[in-house]
Amino acid sequence: MKWRDLNAGELRPEHVGQRLALAGWTARRRDHGGLVFIDVRDESGLAQLVINPERAPEAAAVAHEVRNEFVIRAEGEVAARAPEAVNPNLPTGEVELQVDELEIVSRSEPLPFQVDEENVEEGTRLRYRYLDLRGERMQRNLRLSATVVAAIRRFMDEQGFVDVWTPNLTKATPEGARDFLVPVRLQPGRFFALPQSPQIFKQILMVAGIGRYYQIAICFRDEDLRADRQFEFRQLDVELSFPTREEVWETLEGAVVASFEALDREPPAPPFRRLTWHEAMARYGSDKPDLRFGLELHDLTEQTRESEFKVFAQAPSVQYLIVPQELSRAELASLEELAKEWGGKGLAYLVFDEEGEVRSPIAKFLSAGVIEAVRPAQPGATVLFGADEPGTVARVLSAVRNHLGRELGLIDDTRDEFLWVTDFPLFEWDEDGKRWTFSHHPFTGVRPGDEDLIESDPGRALSQAYDLVWNGWELGSGSIRIHHPEVQKRVFRAMGITEADAEERFGFLLEVLRMGAPPHGGFAMGLERFVALLAGEQNIREVVAFPKTASGSEPLTGAPTPIAQDILAELGIQVLPKKD
């Protein structure tokens, strides 16, 4: 028996008069006292079945047993709907199937929620993810994801990149997050790590002569889960030999444009805008700024060195932004709480009314020169100040800026703003460890001319790293890599890694670099983040078929679960009691 001749969502007026079979899930059943109407749903959409007891009494008897989410098969003749019964909201809305035979293929128990039900608690959705995935939203998102990945693969193949698979069981190396470790039964006490990225392997492929590599790589990171993070995720992983930064950027821009075009969306025009890291931090307080609205930061540090307001005079950095409206006391109090949540001590302000008069408890401590320096071009505005360490000020005012952009409706949702952020610092200071550590990863190339700063003045050394940002979301990172083993050793030394430790942890890479390494560089773009933005979702769980919750659990299967002691013993593992 053939289950179906056509997908439900493919039924059209040209099929009128044909005898066809459809199969799928019951989306809705309506009994009109004689006629029974059933909407049958499959992956392609909905079609309406009509069961008339005078035409098909046996089918009508079966129809009375049908409930939502029963799997059914129907066979009959396609008929045009009466003009008043046409549903213009459905592609199949002009026709229906007059059923002669109806079969219940599979029954369903009462559901914990209806497939088309809105506002279902997320924990319930994930516990019964197979039901959630039947819904229109998740079907759309997963198919959108597949379309994007296919478009990226076509583009990369056309550009001469070679798809190379790299191992998922590898050596633990520092990538910025904790590794997931895999015990090895054949070698008790030794562990593989699941890759945080294929970083080292793709560099090795360049030394091996591949030249243009890509992979839709699965990566693993043991880190706290957020709206844009999962333990496991996919990335478009790219590496080129003998590249300029611009060639890497052009490749990623082409992949982005190909994705938009595959979805019949107007693509962003390359080349994408570029800002150095220092410019982005100075103007927006963030290395992933949303450029769809203004509210740029301004520096007031030098003008306040002699201020009577000691908070400003003694702060290493004083920055401000101008809000284009008068904020109320309640709004200012709310923003001050937000500033404290992001590590600030508070949030000073000046409110300029429609007459240009100033309202603020700190105004009397500020000179006329300072007040005039920050006075908005238009009255009826509020100036917000941050005064603290530079990093704290940037973090706080960036959070305030993004909050106000949303709350005041300043963001133009019709725009897609892509941005390359370039020239990141090579190192950042680890206050806990009291040492320099990498900003991106330890294989990032140094800006030409800054090599001598690596050890003499690490904080001033700039890298050849770059990030791709879309509407305030970081899509991924990349860099031109270190290809000289001596430069790589200098970076390790600056980070406090001894030569012996470097050989133990990275000896294989240093050996590879000594065997004729070409200049190389690349990029890795998080696919789930990219797809989420394309789908208009704010959480990547909405574009992942079976995601983990914020607690790191997988509700459908109940993972992670305890492992039997005899299996642990075979692996040479003992689970210690949890500390209070």
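Our subject is the structure that appears above.
Residues numbered from 1 in each chain as written. Predicted model: local features only at pLDDT ≥ 70, side-chain atom pairs only at ≥ 80, totals over all residues. Heavy atoms only, no water.

## So, the sheet that holds strand 15 (residues 358–359)
The five strands lie next to each other as 12-13-16-14-15, forming an open sheet whose pairing is antiparallel. In the strand order of this sheet, the two ends are held by strand 12 (298–299) and strand 15, each with one partner. Of the pairings in the sheet, the one linking strand 12 to strand 13 (residues 317–323) comprises two bridges and is antiparallel in character. Paired with aspartate 299 across the bridge in strand 13 is glutamine 319. (Pairing = 2+ DSSP bridges. Helix = DSSP H or I, 4+ residues; strand = E, 2+ residues; numbered from the N terminus.)

## Description of the sheet that holds strand 5 (residues 95–106)
Around the barrel, five strands lie side by side as 1-2-3-5-4; this closed barrel has mixed pairing. Across the sheet, the mean angle separating the axes of adjacent strands is 55 degrees when strand polarity is ignored. The pairing of strand 4 (residues 71–80) with strand 5 spans 10 bridges and is antiparallel. Note that in strand 5 the partner of glycine 76 across the bridge is valine 99. (Axes fitted to C-alpha atoms, helices over the stretch in contact; angles between N-to-C directions.)

## Here's the deal with the environment of isoleucine 411
Summarising the element assignment, isoleucine 411 is placed in the loop between helix 11 (390–407) and strand 17 (418–422). Since its relative accessible area comes to 19%, isoleucine 411 is described here as buried. Sequence separation of isoleucine 411 and glycine 294 is 117 residues, and the distance between their C-alpha atoms is 8.7 Å. Residues within four places of isoleucine 411 in sequence aside, it is in contact with Asp290, Arg292, Phe293, Gly405 and Arg406. (Buried < 20%, exposed > 50% of the residue type's maximum accessible area, 1.4 Å probe, protein only. Contact = heavy atoms within 4.5 Å.)

## A closer look at the packing of helix 4 (residues 136–158) against helix 6 (residues 245–262)
Put simply, helix 4 and helix 6 touch, their axes get as near as 8 Å, and they point 135 degrees apart. Comparing their axes, helix 6 and helix 4 come out oblique. Along this stretch, helix 4 crosses helix 6, giving a crossing that reads as right-handed. Only Thr251, Gly254, Ala255, Ala258, Ser259 and Ala262 of helix 6 make contact with helix 4, whose side of the interface consists of Thr147, Val148, Ala151, Ile152, Arg154, Phe155 and Met156. Considered class by class, the residues forming the contact of helix 4 with helix 6 number eight nonpolar, four polar and one charged. (Parallel < 35°, antiparallel > 145°, perpendicular 65-115°, else oblique. Left-handed = near helix turned anticlockwise from the far one by under 90°. Nonpolar A, V, L, I, M, F, W, Y, C, P; charged D, E, K, R; others polar.)

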